[in-house]
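Spelled out from the first residue to the last, the chains are:
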Amino acid sequence: MRSTLISLIFLAACSSEANHLGNPLLWPVNALTSATENAIYNERRGRVEIAVKSNFDQIIPEIMAGGGPAISTAMEEAGIPLQDRPARLVQLRGDIGIYDDNPGALVTALMVYSS
């Protein structure tokens, strides 16, 4: 029974067919990679949350004005490229009703816009 299971795992690893589990031999590597990527993302998101929530009263008027130091800091923390920021400010301004009383939604939008 045990050898049959091991044989099936190796056969799945050699399959050229697509499957949702991927190569079983790479599962440990994929787990480590995923954990590392999640930690990096969570750290960056935390920095964005601090930048947005600590300056939220300044950020909303800056979005409406087309920029300013507080929204620039939040965009920097999110990793939004400089060349994309003017377009992102236009998008944020167009959806200002979503973010006006909701700093969490603004954090999410900035993370989506990040590279």
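Residues numbered from 1 in each chain as written. Predicted model: local features only at pLDDT ≥ 70, side-chain atom pairs only at ≥ 80, totals over all residues. Heavy atoms only, no water.

1. Some thoughts on the overall build of the protein chain
Reasoning step 1: When its secondary structure is counted, the protein chain shows seven helices and zero strands.
Reasoning step 2: Within the span of the protein chain, comprising 115 residues, buried residues form 27% of the whole.
Reasoning step 3: Long-range pairs, those at least 24 residues apart, make up 55% of the contacts in the protein chain with a sequence separation of at least 6.
Reasoning step 4: Approximately 7,500 Å² of the protein chain is accessible, and the part contributed by carbon and sulfur atoms is 61%. (Helix = DSSP H or I, 4+ residues; strand = E, 2+ residues; numbered from the N terminus. Buried < 20%, exposed > 50% of the residue type's maximum accessible area, 1.4 Å probe, protein only. Contact = heavy atoms within 4.5 Å. Areas by Shrake-Rupley, 256 points an atom, 1.4 Å probe, with all protein chains shown as cover.)

2. A closer look at the nonpolar core
Reasoning step 1: If you look at the biggest cluster of nonpolar residues, it comprises 24 residues, and the most contacted ones within it are Val52, Ile59, Ile63, Leu92, Tyr99, Leu106 and Leu110.
Reasoning step 2: Those elements giving two or more residues to this core turn out to be helix H2 (27–54), helix H3 (56–65), helix H4 (69–78), helix H5 (85–94), helix H6 (96–99) and helix H7 (103–113).
Reasoning step 3: Here this core takes seven residues from H7, the largest share from any one element. (Core = buried A, V, L, I, M, F, W, Y, C linked by side-chain atoms within 4.5 Å.)

3. Examining the pattern of salt bridges
Reasoning step 1: According to the stated counting rule, one finds five salt bridges in the structure shown.
Reasoning step 2: A salt bridge links Glu49 to Arg45; the shortest N-O distance between them is 3.5 Å. Placement of both Glu49 and Arg45 in helix H2 is noted, with a separation of four residues, approximately one turn of the helix.
Reasoning step 3: Overall, Glu49 belongs to the partly exposed group, its relative accessible area being 27%.
Reasoning step 4: Taking the shortest distance from any N to any O, the salt bridge between Glu49 and Lys53 comes out at 3.4 Å. With Glu49 and Lys53 both in helix H2, this residue pair falls four residues apart, about one helical turn.
Reasoning step 5: Here Lys53 falls in the partly exposed class, since its relative accessible area comes to 49%.
Reasoning step 6: Taken together, the shared-partner salt bridges connect Glu43, Arg47 and Glu77 into one network. (Salt bridge = Lys/Arg side-chain N within 4 Å of Asp/Glu carboxyl O.)

4. Thoughts on the side chain of Ser114
Reasoning step 1: When you line up the elements, Ser114 lands in the segment after H7.
Reasoning step 2: Residues in contact with Ser114, not counting those within four places in the same chain, are Arg44, Ala78, Gly79 and Ile80.

5. Quick look at the environment of Met75
Reasoning step 1: Along the polypeptide, Met75 turns up in helix H4.
Reasoning step 2: Each C-alpha atom, one on Met75 and one on Met111, is 8.7 Å from the other, the two residues being 36 residues apart in sequence.
Reasoning step 3: Dropping the residues within four chain positions of it, Met75 is found in contact with Ile80, Arg85, Arg88, Leu89, Leu92 and Leu110.

6. A few points about the side chain of Arg44
Reasoning step 1: Take Arg44: it is sitting in helix H2.
Reasoning step 2: Despite its burial, Arg44 pairs with no opposite charge, the nearest such side chain being Glu77 at 8.4 Å.
Reasoning step 3: Among residues more than four places away in sequence, those in contact with Arg44 are Glu77, Ala78, Met111, Ser114 and Ser115. (Lys, Arg positive; Asp, Glu negative; His and termini not counted.)

By themselves, these are just geometric observations and shouldn't be taken as functional.
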